[in-house]
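What follows is the residue order along each chain.
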Number of protein chains: 2
Amino acid sequence: MELADARRRRADRARQVADLLRREVVGGGFDGGHLPLESALAREFGTSRNTIRDALDLLRDEGLIERCPGVGTTVAAEKFPHGLHRLLGLAETLREHGEVTNEVRAMGLIQPPAAVRGRLHLPPDEPVVYVERLRRLSGLPLSLDLTYLVREVGEPLFDADLVHNDVFVLLERIAGQPLGVAELTIEAVNADAHTAAVLDAPRGAALLMVERLTHLSDGRPVDLEFVRFRGDRLTMRGHLWRNTDDPGQQPGRRARDDR
Amino acid sequence: MELADARRRRADRARQVADLLRREVVGGGFDGGHLPLESALAREFGTSRNTIRDALDLLRDEGLIERCPGVGTTVAAEKFPHGLHRLLGLAETLREHGEVTNEVRAMGLIQPPAAVRGRLHLPPDEPVVYVERLRRLSGLPLSLDLTYLVREVGEPLFDADLVHNDVFVLLERIAGQPLGVAELTIEAVNADAHTAAVLDAPRGAALLMVERLTHLSDGRPVDLEFVRFRGDRLTMRGHLWRNTDDPGQQPGRRARDDR
């Protein structure tokens, strides 16, 4: 029993340390990508080297760091920040982090199932444009996007450069008006075998799954998307306000929105 | 090669169907929790029964549905919506869905590591209050929360009812002012063995990992949290605007914020 308690305490401590280190790893907080020695980390966190090793194991299992005997611990992967401040396409939000390219895996006019028709407010028998893209940042697979578009704004995409452009930017050009609001849900799911293969991730890897229904600024819903982001490559960042009606918050909110 | 192509096409189709069904499953769209027969789904989605079976397998693997011979396919789990509209505690946001109770796994005054001290803007040697809670909704484990609080607002929590109250609500009472803004990051991670055991989830289960730094309305950062939500029990919901400065959007935004 005492042994089990000690084990539990050590695992709890390792999780605490891992969470604090994760942020520095993900945020590029370690100079040259090298983490401090285990002994230094043990001092910093006031814990044993065994606990530090457990914490580093957790981050290694997440694919964030690598541990090599003789070399030490180094940052293995970068997580890119996707803004939650405003509605942005992937290339727009990751502009500073590399070039987004899109592999179009499928594209065509289809008869939508009722679930799509309902959300896009379409009459029966009205076809939609379906686009499936594997999206890469600097050549590395980042997300798999399944997109249903109303015909009016979707059909002109057949002649557009989807490889180098966000659909959002193209839609605004086609519609001659800006996008308005998007309804968003965010979930965490495990990658099934086929999705894992497409995203070049291990089977079961944690994915950020985003469902997004985007409207034009005139209110029409035009774009229903199901996006699977690799969890080890992307983090969503935003701000939440306690009092959304407080006028004192609004200027601060806008200023932050624009960062 | 043709066989591989056919397999890929069928897997791609199954994913499309699963995504559309997922929303209806999660949103309670099926009467009495019973999904239609495979043959009806095949008609609805214009695809083969084999593809429907593959799609249902994907949702079963996510823990969302159960398939019993003779009984059919039923919804196995409810996903609860966590608002992304404003800064809310768990009990506040899930009020309509059940009772949130919190098991305090650890609580104490600790010397914070530099990473915590820096984010909470604390001088050296200033201790913080650490609270670790397993949070349940209607008795089911939902999240594991690691919380670091500045001493001034954290110490009074030792005498508070943490089992039945959100920390947010207690903090506002203690500080005598509302909370202000929180910086938020959202990631998807796989559950390590120990965390999985605490959350009663399979090892490797996808978790929504939220890091949140919350300020009082006077601007002071007081509450740094690391929250792991079970991915199969929670979905985050919000709205994003394309143009955050468009005054025409603001009234709509507020109205939606208050839903």
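Note that residues are indexed from 1 along each chain, following the sequence as it is written. The lettering of chains begins at A and the numbering of ligands begins at 1, in the order of writing. Confidence filtering applies because this is a predicted model: local features only for residues at pLDDT of at least 70, side-chain atom pairs given and counted only at 80 or more, and all residues used for totals across whole chains, interfaces and linings. Side-chain measures were taken over the full set of non-hydrogen atoms in the model, leaving aside hydrogen atoms and water.

1. Looking at the domain arrangement of chain A
No. 1: In terms of domains, chain A is made up of domain 1 (2-75) and domain 2 (80-257).
No. 2: When each unit is reduced to the centre of its C-alpha atoms, the spacing between domain 1 of chain A and domain 2 of chain A is 34 Å. Segmentation into domains, and thus their bounds, comes from an automatic or database assignment.

2. Here's the deal with the pairing of strand S10 (residues 234-241) of chain A
No. 1: Within S10 of chain A, seven of the eight residues are buried, which leaves the element mostly enclosed by the surrounding structure.
No. 2: Two strands are counted as paired when DSSP detects at least two bridges linking them. Labels follow the DSSP assignment, with helices taken as runs of H or I lasting at least four residues and strands as runs of E lasting at least two, numbered in each case from the N terminus. Across four bridges, the pairing between strand S3 (residues 80-83) of chain A and S10 of chain A is parallel. Residue Phe80 of chain A lies in a different strand from S10 of chain A, and its bridge partner there is Leu234 of chain A.
No. 3: Where S10 of chain A and strand S7 (residues 179-190) of chain B come together, six bridges link them in antiparallel fashion. What sits directly across from Met236 of chain A, in S7 of chain B, is Ile186 of chain B. Relative accessible area decides the class of each residue, using a 1.4 Å probe on protein chains only: under 20% of the type maximum gives buried, over 50% gives exposed, and in between gives partly exposed.

3. Brief notes about helix H2 (residues 38-45) of chain A
Residue and element names in this part refer to chain A.
No. 1: Burial in H2 covers these residues: Glu38, Leu41, Ala42 and Phe45. On an axial view of H2, the arc spanned by its buried residues comes to 105°, and they lie on one face.
No. 2: Directly beyond the C-terminal end of H2, a positive phi value near 60° is found at Gly46. To obtain the arc, one takes the directions from the helix axis to the C-beta atoms.

4. Section: the packing of aromatic side chains
All names here are of chain A.
No. 1: Under the pairing criterion, centres of Phe, Tyr and Trp rings, with the six-membered ring standing for Trp, must be within 6.5 Å; the plane angle then separates stacked pairs below 30 degrees from edge-to-face pairs above 60, leaving the rest tilted. Summed over the entire model, instances satisfying the criterion amount to four aromatic pairs over all chains.
No. 2: A centroid spacing of 5.0 Å and a plane angle of 50° characterise the contact between Tyr130 and Tyr148, whose relative ring orientation is tilted. On the criterion of sequence distance, the pair formed by Tyr130 in strand S5 (residues 128-137) and Tyr148 in strand S6 (residues 140-150) is long-range, its members being 18 residues apart.
No. 3: In this structure Tyr130 comes out as buried when scored by relative accessible area, which is 5%.

5. A short note on the UniProt feature "domain: HTH gntR-type" (unreviewed entry) in chain A
No. 1: UniProt positions are given in the numbering used here, feature names are shortened, and annotations may be inferred rather than shown by experiment. Using the residue numbers shown here, the UniProt feature "domain: HTH gntR-type" (unreviewed entry) corresponds to residues 11-78 of chain A.
No. 2: End C-alpha to end C-alpha, residues 11-78 of chain A measures 26 Å, and it is 54% helix and 12% strand.

6. Details of the packing of helix H1 (residues 2-26) of chain A against helix H3 (residues 49-61) of chain A
All names here are of chain A.
No. 1: A fitted line through C-alpha atoms represents every axis, and for helices the fit uses only the stretch in contact; the resulting angles, taken between N-to-C directions, go from 0 to 180 degrees. Running from N to C, H1 and H3 point in directions that differ by 55°, and their axes come no closer than 8 Å. As judged from the angle between their axes, H1 and H3 are oblique. Here H1 runs over H3; the crossing is right-handed. Residue-level contacts link Arg10, Arg13, Ala14, Arg15, Val17, Ala18, Leu21 and Arg22 of H1 to Asn50, Thr51, Ile52, Asp54, Ala55, Leu56, Leu58 and Leu59 of H3. Here is the rule for angles: anything less than 35 degrees is roughly parallel, anything more than 145 is roughly antiparallel, 65 through 115 is roughly perpendicular, and the remaining ranges are oblique. Note: crossing handedness is left-handed where the near helix turns anticlockwise from the far helix by less than a right angle, and right-handed where it turns clockwise. Whether two residues touch is decided by their heavy atoms; if any such pair falls within 4.5 Å, the residues are in contact.

7. Some thoughts on the relation of the copies chain A and chain B
No. 1: Overlaying chain A with chain B gives an RMSD of 0.0 Å, the required rotation being 180° about an axis along which the chain moves by 0.0 Å. Those values place the two copies in the arrangement expected of a two-fold rotation axis.
No. 2: Here 100% of the interface residues in chain A have copies in chain B that are interface residues too; the copies meet face to matching face. In superposing the copies, a least-squares fit is computed on C-alpha atoms, taking residues whose pLDDT is at least 70 in both.

8. Overview of the sheet that holds strand S10 (residues 234-241) of chain B
No. 1: The eight strands are arranged S4(A)-S5(A)-S6(A)-S9(A)-S8(A)-S7(A)-S10(B)-S3(B) in an open sheet whose pairing can be described as mixed. The sheet is open, and its two borders are formed by strand S4 (100-110) of chain A together with strand S3 (80-83) of chain B, each paired with just one other strand. For this sheet the average axis-to-axis angle between neighbouring strands, irrespective of direction, equals 20°.
No. 2: The sheet strands contacting helix H7 (residues 167-175) of chain A are S5, S6, strand S7 (179-190), strand S8 (206-216) and strand S9 (221-230) of chain A, and the helix crosses S9 of chain A at an angle near 170°.
No. 3: Most of the contacts of helix H1 (residues 2-26) of chain B go to S6 of chain A, to which it runs at about 70°, and overall it touches S4, S5, S6, S7, S8 and S9 of chain A together with S10 of chain B.

9. Section: the side chain of Arg230 of chain A
Residue and element names in this part refer to chain A.
No. 1: In this fold, Arg230 is placed in strand S9.
No. 2: Pairing of N or O atoms within 3.5 Å defines a polar contact, subject to two protein rules: one partner must be a possible hydrogen donor and the other a possible acceptor, and residues neighboring in sequence count only if both atoms are side-chain atoms. Side-chain polar atoms of Arg230 contact the backbone oxygen of Leu199, separated by 3.1 Å.
No. 3: In contact with Arg230, not counting residues within four places along its chain, are Pro141, Leu142, Leu199, Asp200, Ala201, Ala206 and Leu207.

10. Section: the pairing of strand S1 (residues 65-68) of chain A
All names here are of chain A.
No. 1: Pairing of S1 with strand S2 (residues 72-75), which is carried by four bridges, proceeds in the antiparallel orientation. By the bridge assignment, Cys68 is partnered in S2 with Gly72.
No. 2: Hairpin connection, S1 to S2: the antiparallel pair is bridged by three residues, and Gly70 has positive phi, about 90°.

11. Focus: the environment of Asp218 of chain B
No. 1: Within the secondary structure layout, Asp218 of chain B lies in the loop between strand S8 (206-216) and strand S9 (221-230).
No. 2: Of the polar contacts made by the side chain of Asp218 of chain B, one reaches the backbone nitrogen of Arg220 of chain B; its length is 3.0 Å.

12. So, unusual backbone geometry
Residues and elements named next belong to chain B.
No. 1: Although it is not a glycine, Asp125 adopts a positive phi angle of roughly 70°.
No. 2: Structurally, Asp125 is set in the loop between helix H5 (114-119) and strand S5 (128-137).
No. 3: Of note in this structure, Ser138 is not a glycine but carries a positive phi near 50°.
No. 4: Relative to the assigned elements, Ser138 resides in the loop between S5 and strand S6 (140-150).

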